[in-house]
Amino acid sequence: MTLTATRPVTRAARGRARSRRTGRTWPMTLLLGLVSVLTVSPFLVTLVVALSPPRKPTVPHQWPAQLTFDNFAQTLSAAGFLGWTLNSLVYAGVSVVIILLTASMAGYAFAKKRFPGRDALMWAFLATVMVPFQAMLIPLFVLVSDINGVDTFWGMIVPTLANSQAVFLMRQFIRDLPDELFEAAKVDGASEWRIYWQIVIPLTKPILATLGVFVFLWHWNDFLWPLVIAQSDELRTLTVGLTTLKGAEHPMSLVMASAAISVVPCLLVFALLQRYLVNSIAMTGLK
């Protein structure tokens, strides 16, 4: 048997290998950099316009001569703005809590329980995703109106709680959890509620955080249903209220300052749940 001696890798060879890797990756790095700039540019333009003096030339025509925070101060002191923000927080926050609770329960039932018609019921539930909300808007409004839900918080929130996408995501995540955990809990005499609260909820924190961010953004940015159901200024959400600012011929800098402030709650939610989002991505594909 002949032994082949392996030559040590020289510094020059390592440099050539590094150069080849760099040559293969720089086009993708450049592409991702361009996409990042295009993604961030609308937010930067919004911030620059919000910091511009009212009714003065600004981007894209020219760079403002000076930047000021007067638009933000005027927006925060404007009548109705804080009320619209509070309404949006109630609408989004209550919806997140209830949807996460009901979706996790339904996902647990569809994933780990066996009952007649389980799969058919799940597919029928998913079929509602293919029906556009605009097609259901008028019948839904008539139904809510018949039970005196127009211009009320519960009339705005309740029709949005049946979220088939949330149930599907929870079902897919819970289905990959080991069955041995649930069987061991049943052997120990744990009730269904205890299994759900002490096994399902702790193990699904990553997907709950991810879903919570999505649901919050969906409701925070929702415009059509709050516009239809909230007919008084006291119940308007922030997205609906911002359109009234634009329609009242307010300076564009004031409208952009309002839009910039409306992004802050979304950034705070993402920052608070970022750790769980990373865990959710890391667990993707793992049993």
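Here's what I pulled together on the structure shown here. This one's a predicted model, so the numbers in the text were calculated from it and none came from an experiment. (Residues numbered from 1 in each chain as written. Predicted model: local features only at pLDDT ≥ 70, side-chain atom pairs only at ≥ 80, totals over all residues. Heavy atoms only, no water.)

### Some words on the overall build of the protein
Along its length, the protein carries 13 helices and zero strands. Its helices and strands taken in sequence order, the protein reads α-α-α-α-α-α-α-α-α-α-α-α-α from the N to the C terminus. Every one of the 287 residues in the protein was classed for burial, and the buried ones make up 35%. Contacts in the protein between residues at least 24 apart in sequence constitute 73% of all its contacts with a sequence separation of at least 6. Total accessible area on the protein stands at roughly 18300 Å², and carbon and sulfur atoms take up 68% of it. (Helix = DSSP H or I, 4+ residues; strand = E, 2+ residues; numbered from the N terminus. Buried < 20%, exposed > 50% of the residue type's maximum accessible area, 1.4 Å probe, protein only. Contact = heavy atoms within 4.5 Å. Areas by Shrake-Rupley, 256 points an atom, 1.4 Å probe, with all protein chains shown as cover.)

### Some points on the packing of aromatic side chains
Scanning all chains against the criterion turns up nine aromatic pairs. Between Phe110 and Phe115 the ring centres are 6.2 Å apart and the planes differ by 50°, which places this aromatic pair in the tilted class. With centroids separated by 6.1 Å and ring planes inclined at 90°, the aromatic side chains of Phe133 and Trp225 adopt a geometry described as edge-to-face. Taken together, the residues Phe133 in helix α5 (residues 133-146) and Trp225 in helix α11 (residues 224-229) connect sequence positions 92 residues apart. The partly exposed category is assigned to Phe133, whose relative accessible area is 30%. (Phe/Tyr/Trp six-rings, centres within 6.5 Å; stacked < 30°, edge-to-face > 60°.)

### Focus: helix α2 (residues 70-77)
Looking only at α2, the buried set comprises Asn71, Phe72 and Thr75. Taken end-on, α2 shows its buried residues confined to a sector of 100°, consistent with a single buried face. Away from its buried face, by an angle of more than 90 degrees, α2 presents the exposed residues Asp70 and Ser77. (Arc of directions from axis to C-beta.)

### Considerations on a nonpolar patch on the surface
Taken together, the side chains of Met28, Leu31, Leu32 and Val35 make up a nonpolar region of the molecular surface, amounting to roughly 370 Å² of accessible area. Here Leu31 is to be found in helix α1 (residues 11-50). (Patch = residues over 30% accessible without salt bridge, like charges linked within 9 Å, V, L, I, M, F, W, Y side chains within 5 Å. Salt bridge = Lys/Arg side-chain N within 4 Å of Asp/Glu carboxyl O.)

### Quick notes on the packing of helix α4 (residues 118-127) against helix α7 (residues 164-175)
Two elements in contact, α4 and α7, have axes separated by 9 Å at closest approach and are oriented at 140°. Comparing their axes, α7 and α4 come out oblique. Relative to α7, α4 is oriented so that their crossing is left-handed. Along its contact with α4, which presents Met122, Phe125 and Leu126, the element α7 presents Ser164, Val167, Phe168 and Arg171. (Axes fitted to C-alpha atoms, helices over the stretch in contact; angles between N-to-C directions. Parallel < 35°, antiparallel > 145°, perpendicular 65-115°, else oblique. Left-handed = near helix turned anticlockwise from the far one by under 90°.)

Note that every value here comes from positions in space, so none of it alone points to a role or purpose.
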